Amino acid sequence: MLGFVRRRRSLIAACAAISALLVAPAAAQDHRQNAPGEFDFYVLALSWSPSYCAQASERGLTGRSQQLQCGGRPFAFVVHGLWPQYERGFPEYCERSAPRLDRRIVDSMLDLMPAPGLIYNEWDKHGTCAGLSQRGYFEQIRKARAAVRVPPEFIDAKEPRTVTPDEVEEAFIKVNPGLSNAAIAVMCDRKRLSEVRICMSKDLQFRACKEVDRRACRRDRLEVPPQRGG
């Protein structure tokens, strides 16, 4: 009986040690966890709108956001967000409850982010971590987007194409002096190009970001659906 108790205590201790190991990385992500304005760099996420629209169509999504983004102006790359990052991990939802976003700001951003729901969510999840006012954060998004040139083959894409992730990276690097492979990551779903993520310093200069690059798409070929609407 004594031997059974000892074995049971040893098993409990081992499980506790494993749990501590599993929890520790998240807890130790960064000592500044979720402190507004305390971060290392930004990720500018540019989504390939035709892929979003193709996926929405496959899922039967027909809400207002889908109608705005997929049924009118023929969007190409749109801004998904500008995300504060740590060297390891990232902050999120740094104010609870976040101040309600001014509707006038939402309307002013629809040319870059063509879905009101996305804009509200980006403010709540990421904007509150930037240490800026509402208007200041969305002005920063506009500046970041203006600092990145989109390759010409992605500006008026009327025909479907197939590319490799490396080809997408190289196309962006070619037209953006100072951008390197270490500062850009191409994302994908099961078969399509979904997003290009570009790492930028707080003053919006291109910079390397190992952790973001590690999460990049590893598929050999990606479909690039054509623009829709117009």
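Shown above is the structure to which this text applies.
Since we're looking at a predicted model, the values are computed, not measured. (Residues numbered from 1 in each chain as written. Predicted model: local features only at pLDDT ≥ 70, side-chain atom pairs only at ≥ 80, totals over all residues. Heavy atoms only, no water.)

(A) Expanded view of helix 5 (residues 116-125). Along helix 5, the residues classified as buried are Pro116, Ile119, Tyr120, Glu122 and Trp123. Considered in projection along helix 5, the buried side chains sweep an arc of 160 degrees and stay on one side of the axis. (Buried < 20%, exposed > 50% of the residue type's maximum accessible area, 1.4 Å probe, protein only. Helix = DSSP H or I, 4+ residues; strand = E, 2+ residues; numbered from the N terminus. Arc of directions from axis to C-beta.)

(B) Inspection of the side chain of Glu169 at higher detail. Of note, Glu169 is situated in helix 7 (residues 165-175). Arg218 is the oppositely charged side chain nearest to the buried, salt-bridge-free Glu169, at an N-O distance of 6.8 Å. Apart from residues no more than four positions distant in its own chain, Glu169 is found in contact with Asn181, Ile184, Ala185, Val186 and Asp213. (Lys, Arg positive; Asp, Glu negative; His and termini not counted. Salt bridge = Lys/Arg side-chain N within 4 Å of Asp/Glu carboxyl O. Contact = heavy atoms within 4.5 Å.)

(C) Examining the packing of aromatic side chains more closely. Overall, the coordinates contain eight aromatic pairs when judged by the stated rule. Both rings, one in Phe77 and one in Phe172, keep their centres 5.6 Å apart while their planes meet at 75 degrees; by these two values the pair is edge-to-face. Of the two residues, Phe77 is situated in strand 2 (residues 77-85) and Phe172 in helix 7; the sequence distance between them amounts to 95 residues. Put simply, the rings of Trp48, Phe77, Phe154 and Phe172 pair up and form one aromatic cluster. Here the basic side chain of Arg100 rests over the ring of Tyr120, its NZ or CZ set 4.1 Å away from the ring centre. (Phe/Tyr/Trp six-rings, centres within 6.5 Å; stacked < 30°, edge-to-face > 60°. Lys NZ or Arg CZ within 6 Å of the ring centre and 35° of its normal.)

(D) Up close: the state of the cysteines. For the structure shown, the criterion picks out four disulfides. Here Cys53 connects covalently by a disulfide to Cys70, the sulfurs 2.1 Å from one another. Since a negative S-S torsion denotes a left-handed disulfide, the Cys53-Cys70 link at about -90 degrees is left-handed. Of the two residues, Cys53 sits in helix 2 (residues 49-58) while Cys70 sits in helix 3 (residues 64-70), which places them 17 residues apart along the sequence. Here Cys53 matches Cys70 in class, with each residue buried. Across a sulfur-sulfur distance of 1.8 Å, Cys199 and Cys209 are joined as a disulfide pair. As the torsion about the S-S bond is roughly 80 degrees, the Cys199-Cys209 disulfide counts as right-handed. Residue Cys199 is located in strand 5 (residues 193-200), and its partner Cys209 is located in the loop between strand 5 and helix 8 (210-214); the two are separated by ten residues in the primary sequence. The same class applies to Cys199 as to Cys209, namely buried. The connectivity of the disulfide-linked cysteines in the protein chain, indexed sequentially, is 1-2, 3-4, 5-8, 6-7. (Disulfide = S-S within 2.5 Å.)

(E) Region of interest: the sheet that holds strand 4 (residues 184-188). Within the open sheet, the four strands sit side by side as 2-1-5-4. Their pairing is antiparallel. Among the strands making up the open sheet, the edge pair consists of strand 2 and strand 4. Ignoring which end each strand starts from, the neighbouring axes of this sheet average 20 degrees apart. Against the sheet, helix 2 makes contact with strand 1 (41-48), strand 2 and strand 5, and its axis sits at roughly 60 degrees relative to strand 1, the strand it touches most. Relative to strand 2, helix 6 (residues 134-146) is tilted by about 120 degrees, and along the sheet it contacts strand 1, strand 2 and strand 5. (Pairing = 2+ DSSP bridges. Axes fitted to C-alpha atoms, helices over the stretch in contact; angles between N-to-C directions.)

(F) Representation of the environment of Ala182 within the structure. By secondary structure assignment, the location of Ala182 is in the loop between helix 7 and strand 4. Sequence separation between Ala182 and Ile198 is 16 residues; the distance between their C-alpha atoms is 9.4 Å. Setting aside chain neighbours within four positions, we find Ala182 in contact with Arg207, Ala208 and Cys209.

(G) Region of interest: the pattern of salt bridges. For the coordinates displayed, the defined rule picks out ten salt bridges. Taking the shortest distance from any N to any O, the salt bridge between Arg103 and Asp107 comes out at 3.0 Å. With Arg103 and Asp107 both in helix 4 (residues 103-108), this residue pair falls four residues apart, about one helical turn. By relative accessible area, which is 36% here, Arg103 ends up partly exposed. Between Arg197 and Glu195 there is a salt bridge; the shortest N-O distance is 2.7 Å. For Arg197, a relative accessible area of 18% puts it in the buried group.

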